[in-house]
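Structural overview for review
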Amino acid sequence: MKITLVVLLFFFTTQLSAQHGPVFPQPIKLEQTTTKFVFNGRLTVDETQIPKDLFPYFQELFGRQFIHLEAVPSKQATIRLNRIQTFVYTEGYNLTVSNSGIDIQYSNDESLRNAFQTLNQLIQNPRELAGVTVSDQPAFSYRGVHLDCSRHFFTINELKKFIDQMAKLKFNRFHWHLTDDQGWRIEIKKYPKLTSVGAWRDSTLIGHFSKQPVEYDHQKYGGFYTQEEAKELVRFAQIRGIEIIPEIEMPGHARAALAAYPELSCTGQQLPVVGTWGVFDEVFCSQEKTRSFLKDVLDEVMEIFPSHVIHIGGDECPKVNWEKCPKCKSIMTENKLKTSHELQSFFIRDIEKHVNEKGKVIIGWDEILEGGLAPNAQVMSWQGVEGGIAAAKQKHSVVMTPTSYCYFDYYQSGHPSEPLAIGGYLPLEKVYQFNPVNRLEEEYKQYILGGQANLWTEYLPNIQAVEYNAFPRLVAMAEVLWNKSKVPYSDFVEALSNYYLPQLRNDGVRFSTSFLDPKLEIRPYKTGISYGLIKPVNEVVFSLNNELVTGINIERTPQVQEHRYLIHSNIGDQELRVCDYTFTSHLALGKSVKFDTQPHEKYNHNGNLGLTDGVIGGIPWKGDQWLGFNEDTIQFTLDLEEVTKFNHLQIGTLNDPGSWIYRPERFQIQTSSNGKKFKNVAKSKMNGDLIEVKKKMKARYVRVLIYSKELIPPGQTGAGFTPWTFINELILSR
Ligand code: ACM
Ligand code: ZN
């Protein structure tokens, strides 16, 4: 018995390192060899070859692991550099560790940096290094992270720490969102009011945007980066292999600029820098004067940022003011533009021409497709991948950043302790499923430059909150943008918790451990429901009242009854966090529902038990638990398996207009004993958030029809789109 155990453990360890080693993202090819290199805390590199500007960074990086890196005459070097000009992949490198030292083949600074990042992570102890051969190159050339510094402001030092972490994961683009409605953050010398006025708001919203009544903190808030500071960050990022792409939003998201220069709007009305979130009708007027102001701004921006690509925003621009504005109307007439979308396209093309004349190209959010894409524009596809696919088919370069995989402002778990977020649900595992070229026909894949994680900061008031939302999801993003043949998720998380979380801890970076929470595997159980507590990694254990536990069973009851469990999870003697589960028992618990209208793939869980799993959708909504539908009529049928008496039926619904979620308008309940003939038992308008019927009922089948608003009403966020309907749980009782 003992022997079997030892053998199994050994097998497990070997397999682990074969699946995902200590380097993140996992190199394309990494093979362990039987040699080792003993270096006793000191590594040396050829002083004639190591680039002078990179060397101090490498020294600092290795110093964090207490390894002294020294530049020495080439004969004495233990890290031997061999520059090969003809390497096919510009960022690729080869690295070999043998008993005589470390050999690196590289082609340029990018590939050398990647080799050093890999070497740094391979070192598991400061004395010796296991033999290995690595051959590596990234899957995508654009591996980006976006950070919104308008909604909340972060200092240059905070940004340096963040960019430094990006570099370790071999990201190579930092998309710096510098302007928006809530603050203009970059000094523009020709227009000083952009920062003296536009960088400051008088007050900021407290709590979620959809909370009523609204409440403000009445505190002045703001800040901006001088051009010198921005240049300093550019240099800092360059050394780490990261290009900064600045974003200047136009024509929408312009409230901060218009607070400084109201004459650039359609109405000329003086309005303050706004302290709440959303989309605003006050946008840049399309008049010549505004466009030439923006060209001046871009001229200074292009002087600060050497990047070839300049982001000009382009998203979420309401056209209501344009449609009323005489200046905009005359531009439409003069240029024979039929719609306001064509006017936006005209605006962007004009800006593009100016940027192109300076030898640079523009990138914009996918709305720049509306009304016709500017001739040389790149597209950042956020609303889904459809915009990106359409742009690729027009042979334009694309960065994929669809909300469903890339919006790191979404909740990463439904745990009650999760800090307030904008909404949505994006756990680590979902990020790991991202593939920027999914759904693309082979011939168009070449136009997809890569992908990007976006950190919008309405609900991230400080850099610790940014880090918590970023990590470890950025590790998963780095992985999928680098390595197309990624290891199974379970191997990735095992390696993440063994190798990468300790590095984040060592670097003082905040991160979430939500991916280590138990995953509930829900199965019907003869008298109710059974919840298996699935371990995300092998080392984690769960306990309930100090006893180890692997699952919980709940009996079905005629009355609604709550069962609360506090599950502690530990790795060794380190406690991760306590998961507080409340399971609710009732007559429909564990009974199957047949959905005639399918829940949307984003908000669907537990299959046909999603409404009867005993887990009631929580408020505030944290992305999971609730089933979400994106249709105006919803129908499903519960099968109780035998004719059952009940006096009470209820289904919770959610009302969160800020997240495009609306309470349904009316419902209808039908019952049947044979599943063929149904009779109406209730038909009603909604009265509050609960679908509820109180009467004596007796049936095997219960059919529910829910009718929602067809479209989000004018004046609300998402106006004109189909609202979401969220429901949970279907409870029957006596
Ligand atoms: C965006 O999220 N409005 C690009
Ligand atoms: Zn106008």
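No experiment lies behind these values; they were computed from the predicted model shown.

Each value, and the rule that gives it
- Residues numbered from 1 in each chain as written.
- Chains lettered and ligands numbered in written order.
- Predicted model: local features only at pLDDT ≥ 70, side-chain atom pairs only at ≥ 80, totals over all residues.
- Heavy atoms only, no water.
- Helix = DSSP H or I, 4+ residues; strand = E, 2+ residues; numbered from the N terminus.
- Contact = heavy atoms within 4.5 Å.
- Phe/Tyr/Trp six-rings, centres within 6.5 Å; stacked < 30°, edge-to-face > 60°.
- Buried < 20%, exposed > 50% of the residue type's maximum accessible area, 1.4 Å probe, protein only.
- Lys NZ or Arg CZ within 6 Å of the ring centre and 35° of its normal.
- Donors = N, O, S within 2.8 Å, 3.2 Å for Na, K, Ca; no water.
- Tetrahedral: all angles 85-135°; square planar, octahedral: opposite > 155°, others 65-115°.
- Pairing = 2+ DSSP bridges.
- Axes fitted to C-alpha atoms, helices over the stretch in contact; angles between N-to-C directions.
- Parallel < 35°, antiparallel > 145°, perpendicular 65-115°, else oblique.
- Left-handed = near helix turned anticlockwise from the far one by under 90°.
- Nonpolar A, V, L, I, M, F, W, Y, C, P; charged D, E, K, R; others polar.
- Core = buried A, V, L, I, M, F, W, Y, C linked by side-chain atoms within 4.5 Å.
- Polar contact = N/O pair within 3.5 Å; in protein donor to acceptor, adjacent residues only side chain to side chain.
- Expected span 1.5 Å × (residues − 1).

1. Things to note about the side chain of Asn120
- Relative to the helices and strands, Asn120 is located in helix 3 (residues 109-122).
- In contact with Asn120, not counting residues within four places along its chain, are Leu61, Phe62 and Gln65.

2. Notes on the packing of aromatic side chains
- A complete count under the given rule lists 36 aromatic pairs for this structure.
- Ring centres 6.1 Å apart and planes at 45° place the aromatic pair Phe284 and Phe293 in the tilted group. One exposure class covers both Phe284 and Phe293, and it is buried.
- Ring geometry for Tyr489 and Phe492: centres 6.3 Å apart, planes at 45°, overall tilted. Of the two residues, Tyr489 and Phe492 are both situated in helix 17 (residues 489-506); the distance of 3 residues between them amounts to about one turn of the helix. When sorted by exposure, Tyr489 lands in the same class as Phe492, which is buried.
- Sitting over the face of the ring of Trp200, Lys220 holds its NZ or CZ atom 5.2 Å from the ring centroid.

3. Examining the coordination of the zinc ion (ligand 2)
- Each protein donor to the zinc ion (ligand 2) is listed here as Cys266 (SG), Cys285 (SG), Cys325 (SG) and Cys328 (SG); together their distances run 2.2 to 2.4 Å.
- Because the angles between the 4 donor atoms bound to the zinc ion (ligand 2) fall within 106 to 115°, the donor set is best described as tetrahedral.
- Donor residues for the zinc ion (ligand 2), ordered by position in the chain, follow C-x18-C-x39-C-x2-C. One end of the pair, Cys285, is in the loop between helix 7 (255-260) and helix 8 (288-304); the other, Cys328, is in helix 10 (residues 326-334), with 43 residues separating them in the sequence.
- We classify Cys285 as buried; its relative accessible area is 0%.
- When its relative accessible area of 0% is taken as the criterion, Cys328 is described as buried.

4. Concerning the sheet that holds strand 22 (residues 540-544)
- Taken in spatial order, the 4 strands line up as 23-22-25-26 in an open sheet, and their pairing is antiparallel. The outermost strands of the open sheet, each flanked by one partner alone, are strand 23 (547-548) and strand 26 (574-585).
- Here strand 22 runs beside strand 23; their pairing, made up of 2 bridges, is antiparallel. Its bridge partner being in strand 23, Ser543 is matched across the sheet by Leu548.

5. Topic: the packing of helix 2 (residues 55-63) against helix 3
- Where helix 2 meets helix 3, the axes come as close as 10 Å, and the angle between the chain directions of the two elements is 15°. Of the possible angle classes, the one that applies to helix 2 and helix 3 is roughly parallel. Every pair of crossing elements has a handedness; the one defined by helix 2 and helix 3 is right-handed. Taking contact as the criterion, the partners of Tyr57, Phe58, Leu61 and Phe62 in helix 2 are, on helix 3, Leu112, Arg113, Phe116, Gln117, Leu119 and Asn120.
- For the contact of helix 2 with helix 3, a count of residues per class yields 7 nonpolar, 2 polar and 1 charged.

6. Structural notes on the nonpolar core
- Within the largest apolar cluster, 184 residues are counted, with the highest numbers of intra-cluster contacts made by Leu95, Phe116, Trp176 and Phe492.
- Per element, the largest residue contribution to this core is 8 residues, and it comes from helix 17.
- Each residue touching Phe492, except ones within four places of it in the same chain, is listed here: His20, Phe24, Leu428, Tyr432, Val475, Ala476, Glu479 and Val487.
- Membership of the second largest hydrophobic core comes to 28 residues, among which are Leu587, Leu611, Phe636 and Phe667.

7. With respect to the side chain of Thr401
- Note that Thr401 resides in the loop between strand 18 (398-400) and helix 13 (403-406).
- Within the structure, the side chain of Thr401 is placed 2.8 Å from the backbone oxygen of Gln452, a separation counted as a polar contact.
- Contacts of Thr401, omitting those with residues within four sequence positions, involve Trp365, Met380, Ser381, Trp382, Cys406, Tyr407, Gln452 and Asn454.

8. Regarding helix 8
- Taking 1.5 Å as the rise per residue, helix 8 with 17 residues should run 24 Å; its terminal C-alpha atoms sit 25 Å apart, in good agreement.
- Looking only at helix 8, the buried set comprises Thr290, Arg291, Phe293, Leu294, Lys295, Val297, Leu298, Glu300, Val301, Met302 and Ile304.

9. Points about the environment of Ile156
- Positionally, Ile156 belongs in helix 4 (residues 156-168).
- Relative accessible area serves as the criterion here: at 10%, Ile156 is assigned to the buried category.
- Residues Ile156 and Tyr225 lie 69 residues apart in sequence; the distance between their C-alpha atoms is 7.8 Å.
- Not counting residues up to four positions away in its chain, the partners in contact with Ile156 are Trp176, Tyr225, Glu229, Glu232 and Leu233.

10. Quick word on unusual backbone geometry
- In this chain, Phe24 is followed by Pro25 through a cis amide linkage whose omega measures -5°.
- Structurally, the position occupied by Pro25 is in the loop between helix 1 (2-19) and strand 1 (29-38).
- Residue Pro213 is reached from Gln212 by a cis peptide bond, and omega for that bond is -10°.
- With respect to the helices, strands and loops of the structure, Pro213 is situated in the loop between strand 12 (200-201) and strand 13 (221-222).
- Its identity is not glycine, yet Asn545 carries a phi of approximately 50°, on the positive side.
- Examined against the element boundaries, Asn545 turns out to sit in the loop between strand 22 and strand 23.

11. Quick look at the sheet that holds strand 8 (residues 142-148)
- Around the barrel, which closes on itself, the 8 strands sit in the order 8-9-14-15-16-17-18-19 with parallel pairing between neighbours. Neighbour-to-neighbour, the strand axes of the sheet open up by a mean angle of 30°, direction not taken into account.
- Judged from the 3 bridges that link them, strand 17 (residues 378-381) and strand 18 form a sheet pairing that is parallel. Directly across from Ser381, in strand 18, lies its bridge partner Met400.
- Contacting strand 8, strand 9 (173-177), strand 14 (243-250) and strand 19 (448-455), helix 4 crosses the sheet at an angle of about 150° to strand 9.

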